[in-house]
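Spelled out, the chains give:
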Amino acid sequence: MQPFFLPCSVGERFCLFHPASGKSLGAVLYLHPFAEEMNKSRRMAALQAQALAAAGYDVLQIDLLGCGDSSGDFVDASWQAWRDDVLAGYRWLRSRSPAPLILWGLRAGCLLAAEVAADIPEAADFIFWQPVISGKQHWQQFMRLKMAGEMASGQAKAVGEQLRQQLANDQSVEIAGYGISPALATGLEQADLTPPPARHGRLIWLETSLREDASLSPAAQKGVTQWQMAGYTVDARIACGPAFWQTTEIGDAPALIAATLAALATGS
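Residues numbered from 1 in each chain as written. Predicted model: local features only at pLDDT ≥ 70, side-chain atom pairs only at ≥ 80, totals over all residues. Heavy atoms only, no water.

Regular strands place side chains that alternate from one sheet face to the opposite one. Judged by how many residues are buried, strand β4 (residues 57–62) sits mostly within the fold: 6 of 6 residues are covered. Of the two faces of β4, the one lined by Y57, V59 and Q61 and the one lined by D58, L60 and I62 are each fully buried. By the bridge criterion, 4 bridges tie strand β2 (residues 12–18) to β4 in an arrangement that is antiparallel. Paired with L16 across the two strands is Q61, which belongs to β4. In this structure, strand β3 (residues 26–31) lies alongside β4, joined through 5 bridges in parallel fashion. Within β4, the position partnered with Y30 by the bridge is Q61. For the handedness criterion, the β-α-β arrangement of β3, helix α1 (residues 36–54) and β4 is classed as right-handed. (Buried < 20%, exposed > 50% of the residue type's maximum accessible area, 1.4 Å probe, protein only. Helix = DSSP H or I, 4+ residues; strand = E, 2+ residues; numbered from the N terminus. Pairing = 2+ DSSP bridges. Right-handed = clockwise from strand over helix to strand, strands pointing away.)

Written out as structure tokens, the structure is:
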């Protein structure tokens, strides 16, 4: 594992590079989830990155602007700035690894992966972990964290309207300890998990559940079908494990790591 700071147009981004053990089978760029979900997921992302490197993949993890150990505050971030960060990470990874490109996203990181793929001058395969399908829905769920604290006083509706008004007036808002700029809120709200145009490749779509009889939700099934119709070969699986990105305690899902490696091996 090689930690370093990647210079960007504004500040630096903290990165971890995990070089492949032996000949590289792929160049993997990891895109983390939104806000507190990133912190909850750090351990699982690290374990998967290490497992991928041991299996022969070059892996780059990047903390986006205002996140983790990168420069800036969360309130400084915009959706476009994060897209620019991903492209900077892609260029760095490409300068180190010529292996086939794989964009690996977790939750809202999947939205970024799908959007940025259209700006990358080559086709990419994807790994989606519990993907967020609708940025608008994800943003609304995040806003509910603020409104939930006002439920007892009956002010939840008023707080929600106040948040929307502040953003409309180009003012940042604070939710769950995170300052959110209007540019970030708008960009996330407008993001959808749609395939990049005129591209095709392979998508590994993985979700977790503690139920033995679990299956993909109708929304996820619809998303899988959309990518298949766009020309992607989709391997969709359910792995046994907790929703580690939102559990109170830091959780592990070793079956998810095993399922990721198995799916990659099936397609190699």
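We are not done yet, so read on.
The next point concerns the packing of helix α2 (residues 79–96) against helix α3 (residues 108–116). The N-to-C vectors of α2 and α3 enclose an angle of 70°; their axes lie 10 Å apart at closest approach. When the interaxial angle is binned, α2 and α3 end up roughly perpendicular. Contact with α2, carried on its side by W79, W82, R83, V86 and L87, involves A108, L111, L112, E115 and V116 of α3 and no other residues of that element. Here the contact of α2 with α3 is built from residues that sort into 8 nonpolar, no polar and 2 charged. (Axes fitted to C-alpha atoms, helices over the stretch in contact; angles between N-to-C directions. Parallel < 35°, antiparallel > 145°, perpendicular 65-115°, else oblique. Contact = heavy atoms within 4.5 Å. Nonpolar A, V, L, I, M, F, W, Y, C, P; charged D, E, K, R; others polar.)

Okay, the side chain of Q61 next. Structurally, the position occupied by Q61 is in strand β4. In this structure the side chain of Q61 is engaged in a polar contact, spanning 2.7 Å, whose partner is the side chain of H18. Once you skip the residues sitting within four places of it in the chain, Q61 turns out to touch F14, C15, L16, H18, Y30, A45, A46 and A49. (Polar contact = N/O pair within 3.5 Å; in protein donor to acceptor, adjacent residues only side chain to side chain.)

Enumeration over the complete set of coordinates arrives at 20 aromatic pairs. Note on F126 and F128: the rings are 5.6 Å apart at their centroids and 55° apart in plane angle, and the pair reads as tilted. The class for F126 is buried, based on a relative accessible area of 2%. For the pair W227 and Y232, a centre-to-centre distance of 4.9 Å together with 65° between the ring planes defines the contact as edge-to-face. Clustering of aromatic rings is evident, with ring pairs tying together F34, F74, W79, W82, W139, F142 and Y178. (Phe/Tyr/Trp six-rings, centres within 6.5 Å; stacked < 30°, edge-to-face > 60°.)

Mapped onto the elements, A55 comes out in the loop between α1 and β4. Taking relative accessible area as the criterion, A55 reaches 35% and is therefore assigned partly exposed. Taking the C-alpha atoms as reference points, A55 and N169, separated by 114 residues in sequence, lie 50 Å from one another. In this view, A55 contacts L25 and L261; residues no more than four positions away in its chain are not counted.

Under the criterion given, the structure shown has 0 disulfides. Cysteine C110 is unpaired, with the sulfur of C67 as its nearest cysteine sulfur at 15 Å. (Disulfide = S-S within 2.5 Å.)

Moving on: the pattern of salt bridges. When their charged atoms lie close together, side chains carrying opposite charge are able to pair. Tallied over the full model, the rule gives 11 salt bridges. Here R94 and E122 are joined by a salt bridge, their closest N and O atoms 2.8 Å apart. One end of the pair, R94, is in helix α2; the other, E122, is in the loop between α3 and β6 (125–129), and 28 residues separate them in sequence. Under the relative-accessibility criterion, R94 is labelled partly exposed at 22%. The exposure class of E122 is partly exposed, given its relative accessible area of 24%. Of the charged contacts, one joins R202 and D235 as a salt bridge, the two residues approaching to 3.7 Å between their closest N and O atoms. Here R202, found in strand β9 (residues 202–209), pairs with D235, found in strand β10 (residues 233–240); they are 33 residues apart in sequence, far enough to count as distant. Take D235: its relative accessible area is 16%, and that puts it in the buried class. (Salt bridge = Lys/Arg side-chain N within 4 Å of Asp/Glu carboxyl O.)

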